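# Commentary on secondary and tertiary structure
Next come the chains, spelled out residue by residue.
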Amino acid sequence: NSPSARYRVTLAVAVAAPAAGSIQNAFEHKGHHYKIAGRFNDTIFSNYGLDTIITTHLSFNKISTHSQIISICEGDFFRVAKHLYYQAGIYKDTFKNAIGCDSILSTELKHRPVSRITQAAAICEGDQIKIGRKTYATTGIYHDTFTNIFGCDSILTIDILVNKNPSAAFEFSAPFIETGDTFRLLNASIGANQFKWWFDFPSTDSSTEVFPFYHYTKKGRKAIRLIAINYQTQCKDTIMKTILVND
């Protein structure tokens, strides 16, 4: 029999680092699993006396990890590759890095609040409300969207009621008035319960009675002004008539 011969083979192997307690990514050769870096010898025996010694230099490439904190507005989403995330939470996605190992991206997703405000407003006929760049003058429910301090939507819902204005009207108790004569103003206003009279507008001689009495001491054309007010809605109407006072 010829003396046995041995052949030596040297391998350099680099694999991804295995997780603790797992054989995943461990290097396997002839039934042996290697989970730590180092130099290992394996002998392959031959029936013909030609044994082969394989020396393996094993090294592990590191798994790369990255983390990010993302904030989005409620109702929005954040995309990572093919995944869309809507809810706040922590998400992990795995990719391949430049050396072929796992690259784990951890995303902490946070929500910024969307503001929702509801208001009611009442105006009088002929008035209007300006909100932002929009102006409203009719009864209805309206929605406007602005940006809040967090950079998200601030949704305003406003319920507008347009109140009817009262109708101011009056007549004179006598068709002719002379200086010194006392006469009465006949209030015919509709939808009002507060009144303000001026007997010689714009003078300060005035009254808040419903049917006031008055007399002039000087002749001339006098301007009588009435403001009729609805106390509950604060809507009002104004009328002015002139009367000639003779000697």
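What you are looking at is a predicted structure, and each value in this text was computed from that prediction instead of being measured. (Residues numbered from 1 in each chain as written. Predicted model: local features only at pLDDT ≥ 70, side-chain atom pairs only at ≥ 80, totals over all residues. Heavy atoms only, no water.)

### Some remarks on the overall build of the protein
Across its full length, the protein carries zero helices and 23 strands. Of all 247 residues assigned to the protein, the portion counted as buried reaches 32%. Carbon and sulfur atoms provide 53% of the accessible area of the protein, an area that totals close to 16,400 Å². (Helix = DSSP H or I, 4+ residues; strand = E, 2+ residues; numbered from the N terminus. Buried < 20%, exposed > 50% of the residue type's maximum accessible area, 1.4 Å probe, protein only. Areas by Shrake-Rupley, 256 points an atom, 1.4 Å probe, with all protein chains shown as cover.)

### Some remarks on a nonpolar patch on the surface
Together, Phe77, Leu84 and Tyr86 give the surface a local cluster of nonpolar side chains, amounting to about 270 Å² of exposed area. The topology assignment puts Phe77 in the loop between strand S6 (64-73) and strand S7 (78-80). (Patch = residues over 30% accessible without salt bridge, like charges linked within 9 Å, V, L, I, M, F, W, Y side chains within 5 Å. Salt bridge = Lys/Arg side-chain N within 4 Å of Asp/Glu carboxyl O.)

### Observations regarding the state of the cysteines
Counted according to the given criterion, the structure contains two disulfides. At a sulfur-sulfur separation of 2.0 Å, the disulfide partner of Cys73 is Cys152. Torsion about the S-S bond of the Cys73 and Cys152 cystine: about -90°, corresponding to left-handed handedness. Of this pair, Cys73 sits in strand S6 while Cys152 is found in the loop between strand S14 (140-147) and strand S15 (153-163), placing the two residues 79 residues apart along the sequence. Put simply, Cys124 and Cys235 are joined by a disulfide, and their sulfur atoms are 2.0 Å apart. Handedness of the Cys124-Cys235 disulfide follows from its S-S torsion of about -95°: it is left-handed. One end of the pair, Cys124, is in strand S11 (residues 115-124); the other, Cys235, is in the loop between strand S22 (220-229) and strand S23 (236-246), with 111 residues separating them in the sequence. Each member of the pair Cys124 and Cys235 is classed as buried. For the protein, the bonded cysteines connect in the pattern 1-3, 2-4 when numbered consecutively along the sequence. (Disulfide = S-S within 2.5 Å.)

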